[in-house]
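One-letter residues, chain by chain:
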Amino acid sequence: MAPPGPEKYVYVPVQPGQTPPTAFVAQQGGMVPVYGTHPGTLPPSHYGNIGACPIGQMARVDLADGGRPAASAPAPTHPAHPAVHYVQPGAMPVQTTQPRQSSPAPSAPFSVTINGELHSLDKVDLGMTLNEFIRSLPNLKGTKKSCGEGGCGACTVVLSYTDGGGTQHKVSVNSCLRPLAACNGMSITTVEGIGSKKTGYHDIQQRLADYNGTQCGYCSPGFVMNMYALLEKNPNPTEEEIERYFDGNLCRCTGYRSILDAMKSFAVDHNSSRGCCPSTKAAFPDIEEMCSHSNPPPSAVGKCGGTVKACKKGGVCCRSKGAVATTNLADDERIWCTPTSLKEVFDTLARHKDKRVTFIVGNTASGIYKDRQFDVYVELRCVAALYQVQQTRTGVSFGAAVSINDFIKRIEDMAANPGDFNLSRDQVALFPKYLEGLHRIANTQVRNAGSIGGNIRLAHDYPFPSDLFTVLMGAGASITVCGSDGMKLLATTVSCEALLAMDLTGRVLLSVELPFSQPQQHFQYFKTAIRHVNSHSLINAAFSCTLSASNVISGAVAVFGGLAAHICRMHELEKFLEGKPANAATLAQALALLQKITMPDPQFGRNEYRAWLVLAKFYKFFLSLVPNLSPSLQSATMPVKRPVSQGHQLYPLNEDEFPLNKPMPKLTAVQQTSGEALYTDDLVAPEGTLHAAFILAPQAPATIHAIDSSVAMAMPGVMRIILAADVPGNNQTLNGVPLFATTDALYPGQPLGLVVAKSQAMANAAAKAVHVVSSLLRPPVFDIQTAVATKYFFDAKPDRVDRNPPTTADWAECDDVIEGSVACGSQYHFHLETHTALVSVRDNGLIQVTSANQLPTYVQQCVAGNLLVPLSDVVVESPRLGGGYGGKLSNAAVTSAAVAVASYVMDAPVKAVVDLNSNMKIFGKRHAMLVKYRAGFKRTGGVPRMHCVDLDAYIDSGCVPGPDTLGTAYTYLVNCDNAYSVPHFASGCTLTHSETPSHTYTRGPGWTQAVFVMEHILEHAAVALGSPAADLKIANFYQKNETSVVGMRLEQFNLQTIWKQLLESSELKKRAKEVELYNRQNRWTRRGLAMCPVKFGVDFKGNHHSAAVHINPDGTVVVTHSGVEMGQGIHTKVAAGVAYKFNIPVELVKCRNANTDGAPNTGASGGSTTSALCTEAAMKACDTLMDRLNPVSIMSPDLNPSKDWPALVQKALQAGINLQAKGDVCHGAPPVGGPFTYNSYSAAVCQVHVDVLTGEMEVERVDMLYDCGVSLSTMIDIGQIEGAFVFGLGMYMTEAIQYTPAGEMVTDGTWEYKPLSALDIPWDLRLALLDNSRRNKYGVMSSKCVGEPPLALACTVLFAAKNAIASVRAEHGLEGYFPLDAPATVDAISSALALRPEHLDLSA
């Protein structure tokens, strides 16, 4: 090798005890450093005496001068990694080292600390997750498992550890993704570790309960632990920081507002009075005793001393002060290695070169790519070289194992305070732009655990649209990769694009260098996803260029993710832009070129939309370069900054009936927020319990030829395969679908049988290993549009609803006739607790079924039928549910019955917890509908009035039209008038067929679609007839005492009152003018307003519920009722009713779980009626008991029954009075005719903000006015209203069910299916309860239901978006009506906007 020239020098990092110090060589102009461990590896003449140098700093030795040390030198381009040679791509190494002799380091004992308690294990199951380990420990069931993908946050715990760089961390992570083996030496805090009933509740747990921030409670421990981690990290966060921290926690019940309010009460800038609506009093001047409730009662407010309580058993990293030593673990199948140096990493790779090896830091990829199988796991968290963060001459270098959130935090700190890092403002000028993309990576928990290197590796190995990698490639980052030739370690630094072409087998990502900003450099990042946060990109893009003073572009970089299989650069576009001015001509030519070269990879779907987004995102970037941009175009360049959300609640109180109507949280709220509330999977299973998982049909409609279980049976822990032949009784469910398919598969995902194994993980793995041989009978149908087009119908025809059906003569009387069609898609319930059942046999052969279900009687009937035993041999208990929403009515019986069969066959207790992916494939969902309509209006002066309506609905039944389908069709038909009077009305429906599960009741079944259809017709008419929609709607309302199309006398119809009050309180007319002005001034963002009413019919008829009340000797009361607690607060309402009747504190009343022995032959928990009916039943029982107690009270004048309740009870017992009674309710025919006992009425006004170029939408404000009658429990009802509204918002806007043409379900987990997050809810949510319905004489205690009606109000958001779209279409000559089906996802909105490339210009 030629001696180094005069341009070379040596950097020497001086470390204690290092003699001679390590050195590496760097060459100017290309900077090719070479790093060695010993001076003997360089020619002696080229190694000089470095002289004195402070420890830890870099000394420079100029080789040309014989080694004379230099006073200073620029920092090397790349940080020094011990024992690594840096070479140019393809270059030969310039040093040699002796071959290393290595052997596995002795394994240190494995230990992990949970809530301060040390757990040492002799052997670790390498397939076990931290979540599974935690939940296997006694009394640690608060940490839930739901999705198993890191997408819901229910499994959140706090992880305390020290990384290989010596930095201590205490962060929230998803325990479902973290392998237990990756927790060696770490400390984990669960929800039980921060507070409990025994030790005292933590402020976070108590605050969340006090704010009514928990309904079903399944998500609550995850929210608590995420907040705990934030306060440990930052005791004084702002409200904005708190909201953004909850991008990884899902809640299906509350609508998030109450949760966020609770958490924001810890904020340093929290203002307890903020959010009160200034117009509230003016809007409701006649309401007395109103309580304005923006935040919880004063008793619930107060800082926790600026920090959170520490764990009493050690708390912060009590056993994780330093990184663990080299560790090797193994089970029967796999090896786990935790090296502490790069040398050990490559020694490990060399030892296992013939095996499947993967690197592990956070393991977050397992949430997406679940079926990856490896023999060797190399954990990198203890390798110090992978955590170095250093400033270089050209940027900042970050070790590849640095977590994504640490990466973000360091960039934030540099951007905010560059001087603290010896940086200039100019050097970090673009760092805030980088952060716009980095903040949208996954979610908080995933970013805490996942490393930047791991994310980059995903982008390399998979078709993964990495936001991180797109930012890095757009920013011009470089990546250093390390390999080994067996003699030495070789490091290569390459561009992001070059990395994608590299074979990374046997290589480790060392570091990423983020370059400094350059003068006149511009950078923009864009992302479009189904949901605003925690949602992968449909398309992301990063653009960079330099723009000269003369407006000339150079050095352009254009990067797109989600377009091709891997993130790519558009080199043709970059080349075209070089030297071009940023003007209209360049833009037009660039867009034409992009159209030509853009070819979306079809594997990602939405091809046309993704192609459009490529143009739209480039256009946005180009506009940011244009000088003197027209103000009307500037909205395209300014991303919407979501403000901190706020909520306002206004409601009347009736203190005479307290504790009924009293605003108080659920009685069990703090048990839920502390993790002490138990669900089916949390209950202690009998000794010897086995576990089961479903075997699923891979395709349908198909003939099943064989089920090959040989591979599954050979797997560890597998006991047996259960098939249809093993069912002792009837192999049917009550909806007509076989329990286990035999010869024919009706839909992909249909259960064929069960695998029974010693653990749930073993059963799940084995079920996937079962090979099903089948042949497809015909192309499958998955959507209702295809079913209707091909007339793929069932013969069954539900009864029509007709009133004076329109004749030809009636239609002739109409002045205007409109017709069209509208569709509403399916929706998954997304109960965070998946289907779960435990079956065992007790004494005398009694079959005990404990399952997550909403209808124990139905489960009892199914189990008895499948086992061929009498109903008396089966008892079903339903503990509290982690969400239901109708999904655990008929669906729950499938799991329970299948597990019961397995328990019978195995003669042992059997339990099944269905994983989310299987849950979404197996079970029915909301019925999709398509409705063709024709409506006629008469202009008899003033606003047009409806004269004729003809509706022809098509309802997707799934594979079989079961009872739930017929019930949904019925509720659709009897509600499809919504609030409108139609003299001539006709409505019928056809049941369509699809290769999907038999669909089931879903929150607001049938009538939710009915409201949407009728509102769509009125919105269509408003456009076609040129009448304001709000005026057209109220003009067509029913009148009080009018008879509806289903024959109900509308005695209490009050929508006119609601409509007028809401018009005033929402300031709709004033805001409409403001929206119109905004839309005229902004070409690329628009606002829209809409207002919709809801009439919801409540049917008590035939719905049987019961309650048994018994009084204990100490005066406490126990109620066993037939309702299932699933978040709706039924226990609290029942207890309040009992306390009201007995005039005792509500705390004395406890409710027990529903079961078929205590409450037999009763109805379902659903339909928004159960809470009221169970309260009524319990109060009837109380009346009976009070009739028995009153004589005792009369005989004891010295007793005050309300103050001396225990003494009264004692006297009654002494008198031999029976203090147990039962109440039953089963209402007959409605008193006002038609199918309904009464109606609930409400209305909403919604305002949205639409990005015209992408179709993305934000809900800016929602005003709701709701007729709740006299609420049984005000805070609970408000929570139900808000939660239902957000549930509906998902239905109408984001939650699409998708299959591939081949029949694979696309939306089978959190990666593709998107219920709303905490950062998707309205910015400003204003809710008021009406106070003019004091006496609903047909409701329980004058109350009205709340669980489902608000869901339909959410369609107002879709119509607001549609009005925003219409303002754009009108500018392009597309006047008039256009369809917009639900869900109106971003691509659907974009399609409706109907933009074309020629619209992307610079004209104002």
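All values derive from a computational prediction rather than experimental measurement.

Things to note about the sheet that holds strand β15 (residues 357-360)
Here comes step 1: Strand order in the open sheet formed by four strands is β13-β14-β16-β15, with mixed pairing between adjacent strands. Edge positions in the sheet fall to β13 (327-330) and β15, since each has one partner strand and no second. The sheet shows a mean angle of 20 degrees between the axes of neighbouring strands, direction not considered.
Here comes step 2: Bridge count for β13 against strand β14 (residues 335-338) is four bridges, and the pairing is antiparallel. By the bridge assignment for β14, L329 is matched with W336.

Focus: the packing of helix α15 (residues 584-597) against helix α16 (residues 607-625)
The relative placement of two packed helices is expressed as an angle between their axes plus a distance between the axes.
Here comes step 1: Where α15 contacts α16, the axes come no closer than 10 Å and their chain directions differ by 155 degrees. Relative to α16, the element α15 lies roughly antiparallel. The way α15 lies across α16 gives a crossing that is right-handed. Side by side, α15 and α16 meet where T586, L587, A590, L591, L594 and Q595 of the first sit next to V614, L615, F618, Y619 and F622 of the second.

Focus: the environment of N804
Here comes step 1: Assignment of secondary structure puts N804 in the loop between β33 (801-803) and α21 (808-812).
Here comes step 2: Sequence-wise, N804 and F985 are 181 residues apart; in three dimensions their C-alpha atoms are separated by 6.1 Å.
Here comes step 3: Setting aside its immediate chain neighbours within four residues, N804 contacts P983, H984 and F985.

Topic: the pairing of strand β50 (residues 1324-1329)
Here comes step 1: Buried residues dominate β50, accounting for six of its six residues.
Here comes step 2: Pairing of strand β26 (residues 646-652) with β50, which is carried by five bridges, proceeds in the parallel orientation. Within β50, the position partnered with L650 by the bridge is A1328.
Here comes step 3: Here strand β49 (residues 1257-1266) runs beside β50; their pairing, made up of six bridges, is parallel.

Some thoughts on the sheet that holds strand β30 (residues 744-745)
Here comes step 1: Spatially, the three strands line up as an open sheet ordered β30-β28-β32, and their pairing is antiparallel. Each of the sheet's edge strands pairs with one partner strand only, and the pair in question is β30 and β32 (771-776).
Here comes step 2: Here six bridges tie strand β28 (residues 702-708) to β32, and the two strands are oriented antiparallel to one another. Its bridge partner being in β32, T703 is matched across the sheet by S775.

Some words on the pairing of strand β39 (residues 929-938)
Here comes step 1: By the criterion of burial, β39 is predominantly enclosed, with seven of the 10 residues buried.
Here comes step 2: When strand β34 (residues 816-824) meets β39, the two strands line up antiparallel, connected through nine bridges. Bridging across to β39, S821 finds its partner in K932.
Here comes step 3: Judged from the 10 bridges that link them, β39 and strand β40 (residues 945-956) form a sheet pairing that is antiparallel. Note on β40: the bridge partner recorded for V931 is A953.
Here comes step 4: In this structure, the hairpin formed by β39 and β40 is closed by a connection of six residues, where G941 is found at a positive phi of approximately 105 degrees.

Considering the side chain of R381
Here comes step 1: Tracing the sequence through the fold places R381 in the loop between β16 (376-379) and β17 (389-391).
Here comes step 2: Its relative accessible area of 3% is what places R381 among the buried residues.
Here comes step 3: There is a polar contact of 2.6 Å between the side chain of R381 and the backbone oxygen of N184.

A word on the confidence of the model for the protein
Here comes step 1: When the pLDDT values of the protein are averaged, the result is 89; 88% of them are 70 or greater.
Here comes step 2: Segment residues 1-107 is flagged for pLDDT under 50; beyond a separation of four residues in sequence, or across chains, it makes 221 contacts in the model.
Here comes step 3: With pLDDT under 50 throughout, residues 275-321 is counted as low confidence; its partners more than four residues away or in other chains account for 112 contacts.

Points about helix α11 (residues 452-461)
For an α-helix the count is 3.6 residues per turn, leaving residues at separations of three or four pointing the same way.
Here comes step 1: With respect to burial, α11 is a largely interior element, seven of its 10 residues being buried.
Here comes step 2: When α11 is considered as a whole, its buried residues turn out to be I452, G453, N455, I456, L458, A459 and H460.
Here comes step 3: Taken together, the buried residues of α11 touch β18 (395-399), α8 (404-416), α12 (467-475), β19 (478-484), α13 (496-501) and β21 (508-515).

Remarks on the pattern of salt bridges
Here comes step 1: Summed over the entire model, instances satisfying the criterion amount to 54 salt bridges.
Here comes step 2: K264 is paired through a salt bridge with D261; the nearest N and O atoms lie 4.0 Å apart. Remark: D261 and K264 occur in helix α5 (residues 257-264); sequence separation between them is three residues, near one turn of the helix.
Here comes step 3: According to the relative accessible area criterion, K264 is buried, its value standing at 2%.
Here comes step 4: When salt bridges with common partners are traced through the structure, they connect R135, K144, D681, D682 and K911 into a single cluster.

Regarding the packing of helix α2 (residues 203-210) against α5
Here comes step 1: The interhelical angle for the contact between α2 and α5, taken along N-to-C directions, is 140 degrees, at an axis separation of 8 Å. By the criterion of interaxial angle, the relationship of α2 to α5 is oblique. α2 and α5 meet at a crossing whose hand is right-handed. Contacts between α2 and α5 involve I204, R207 and L208 from the former and I259, A262 and M263 from the latter.
Here comes step 2: Here the contact of α2 with α5 is built from residues that sort into five nonpolar, no polar and one charged.

Examining the nonpolar core
Here comes step 1: F618, L951, W1084, V1117, V1119, F1142 and Y1292 are the most contacted members of the largest nonpolar core, which totals 253 residues.
Here comes step 2: In terms of nonpolar packing, the next biggest core, distinct from the first, is built from 45 residues, A400, I408, F431 and I441 among them.

Points about unusual backbone geometry
Here comes step 1: Omega for the bond connecting F658 with P659 falls within 30 degrees of zero, at 10 degrees, which places this linkage in the cis form.
Here comes step 2: Within the secondary structure, P659 sits in the loop between β26 and α17 (669-673).
Here comes step 3: Between A1382 and the following residue, P1383, the backbone shows a cis peptide bond with an omega angle of 5 degrees.
Here comes step 4: Here P1383 lies in the loop between α35 (1355-1371) and α36 (1386-1393).
Here comes step 5: The residue Y256 is not glycine, and still its phi comes out positive at about 75 degrees.
Here comes step 6: By the secondary structure assignment, Y256 is in the loop between α4 (239-245) and α5.
Here comes step 7: Look at L868: it is not a glycine, yet its phi comes out positive at around 60 degrees.
Here comes step 8: Along the chain, the position of L868 falls in the loop between α22 (856-867) and β37 (874-878).

Conventions we followed
Residues numbered from 1 in each chain as written. Predicted model: local features only at pLDDT ≥ 70, side-chain atom pairs only at ≥ 80, totals over all residues. Heavy atoms only, no water. Pairing = 2+ DSSP bridges. Helix = DSSP H or I, 4+ residues; strand = E, 2+ residues; numbered from the N terminus. Axes fitted to C-alpha atoms, helices over the stretch in contact; angles between N-to-C directions. Parallel < 35°, antiparallel > 145°, perpendicular 65-115°, else oblique. Left-handed = near helix turned anticlockwise from the far one by under 90°. Contact = heavy atoms within 4.5 Å. Buried < 20%, exposed > 50% of the residue type's maximum accessible area, 1.4 Å probe, protein only. Polar contact = N/O pair within 3.5 Å; in protein donor to acceptor, adjacent residues only side chain to side chain. pLDDT = per-residue confidence, 0-100. Salt bridge = Lys/Arg side-chain N within 4 Å of Asp/Glu carboxyl O. Nonpolar A, V, L, I, M, F, W, Y, C, P; charged D, E, K, R; others polar. Core = buried A, V, L, I, M, F, W, Y, C linked by side-chain atoms within 4.5 Å.

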